[in-house]
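Tertiary structure, described
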Amino acid sequence: IDAFEVGYKYAGDRLGMDVAAYYYDYQDLQVSIYPQGTAITVNAATATIQGLEGQLRYALTDKLQLTAGAAWTDAEYEDFPNYFRFAEVPGFGFFAPVGFDSSGLQMQRTPEFTSSLAARYDTELAGGMLALSGNFYYSSKFYFDASEYVEEGAYSTLGLRAAWTDPSELYTVALY
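If you're wondering where the values come from, they're calculated on a predicted model, not measured in any experiment. (Residues numbered from 1 in each chain as written. Predicted model: local features only at pLDDT ≥ 70, side-chain atom pairs only at ≥ 80, totals over all residues. Heavy atoms only, no water.)

1. Notes on the overall build of the protein chain
When its secondary structure is counted, the protein chain shows zero helices and twelve strands. Along the protein chain, from the amino end to the carboxyl end, the secondary structure elements read β-β-β-β-β-β-β-β-β-β-β-β. Over its C-alpha trace the protein chain gives a radius of gyration of 22 Å, far above what one expects of a compact globule, namely 16 Å for 176 residues. Projected onto its principal axes, the C-alpha positions of the protein chain cover 65 × 45 × 25 Å. (Helix = DSSP H or I, 4+ residues; strand = E, 2+ residues; numbered from the N terminus. Rg over C-alpha atoms; globule rule 2.2 N^0.38 Å.)

Spelled out as structure tokens, the structure:
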């Protein structure tokens with residue numbers, strides 16, 4: 001792999017940020033396939049990944065912090081003629097590997113766009129510390145295989161958490 005990255009980081013009293021741009025050029029990238037549950041490793045002759053990512057953190061007050069981040073990734077198999085796609089064998093109810101050229105397709109498990117937004121609020125409660133936080137995450141669609149046969153559609157998740165830490169800081173009780 002030839003890897004190139006350039007970025008910038010900043011950390012101040014209330015504001016923090018980091019941004020990066022990157023380019024990866026793979027030669028003889030190894031990719032696993034799983035026919036009938038057994039892993040087989042094949043070489044994707046060449047592949048490239050390029051992208052941008054960034055994150056911004058800001059403390060609105062001493063108790064409330066916000067974080068936002070996003071990433072764009074263009075990941076492609078440039079030359080990958082020796083992959084397999086699974087095709088159903090009619091009348092037998094199982095799938096068999098069939099040769100497939102994945103050249104020009106999106107790299108597996110690599111969404112084109114992801115983003116997140118988070119907030120955290122801390123305050124004293126009953127002698128201890130109460131922390132309320134939430135995180136929203138988005139991912140565009142991606143594929144679990146190099147033939148783009150098994151797709152994970154775009155999705156979002158939301159996580160919420162409330163935690164109280166006792167005054168001795170030995171115990172924490174949390175709901176999430």
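More follows now that the structure is in view.
2. Remarks on the environment of F113
Relative to the helices and strands, F113 is located in strand β7 (residues 113-125). Remark: the alpha-carbon pair of F113 and D74, spanning 39 residues in sequence, is separated by 8.9 Å.

3. Topic: the environment of E112
Relative to the assigned elements, E112 resides in the loop between β6 (94-100) and β7. Between the alpha carbons of E112 and S140 there is a distance of 6.1 Å; along the sequence they are 28 residues apart. Once you skip the residues sitting within four places of it in the chain, E112 turns out to touch A71, W72, T73, Q106, S140 and K141. (Contact = heavy atoms within 4.5 Å.)

4. Let's talk about the sheet that holds strand β1 (residues 2-11)
Reading across from one edge, β1-β2-β3-β4-β7-β8-β11-β12 is the order of the eight strands in this open sheet, with antiparallel pairing throughout. What marks the edges here is a single partner per strand, and that holds for β1 and β12 (172-175). Each neighbouring strand pair of the sheet contributes to a mean axis angle of 15°, computed without reference to strand direction. Across 14 bridges, strand β3 (residues 40-59) lies against strand β4 (residues 64-79) in antiparallel orientation. Within β4, the residue paired with A59 across the bridge is Q65. (Pairing = 2+ DSSP bridges. Axes fitted to C-alpha atoms, helices over the stretch in contact; angles between N-to-C directions.)

5. Focus on a nonpolar patch on the surface
The grouping of Y8, Y10, L15, V19, L56, Y58, L60 and L66 at the surface amounts to a nonpolar patch, some 690 Å² of accessible area in total. Those elements giving two or more residues to the nonpolar patch turn out to be β1, β2 (15-33) and β3. Following the sequence through the fold, L15 ends up in strand β2. (Patch = residues over 30% accessible without salt bridge, like charges linked within 9 Å, V, L, I, M, F, W, Y side chains within 5 Å. Areas by Shrake-Rupley, 256 points an atom, 1.4 Å probe, with all protein chains shown as cover. Salt bridge = Lys/Arg side-chain N within 4 Å of Asp/Glu carboxyl O.)

6. What to know about the pairing of β6
A regular strand carries its side chains on alternate faces of the sheet. Judged from the seven bridges that link them, strand β5 (residues 83-89) and β6 form a sheet pairing that is antiparallel. Bridging from a neighbouring strand, F84 pairs with G99 of β6. Linkage of β5 to β6, two consecutive antiparallel strands, is achieved through a turn of four residues, within which G91 is found at a positive phi near 85°.

All we've got here are geometric facts, nothing functional implied.
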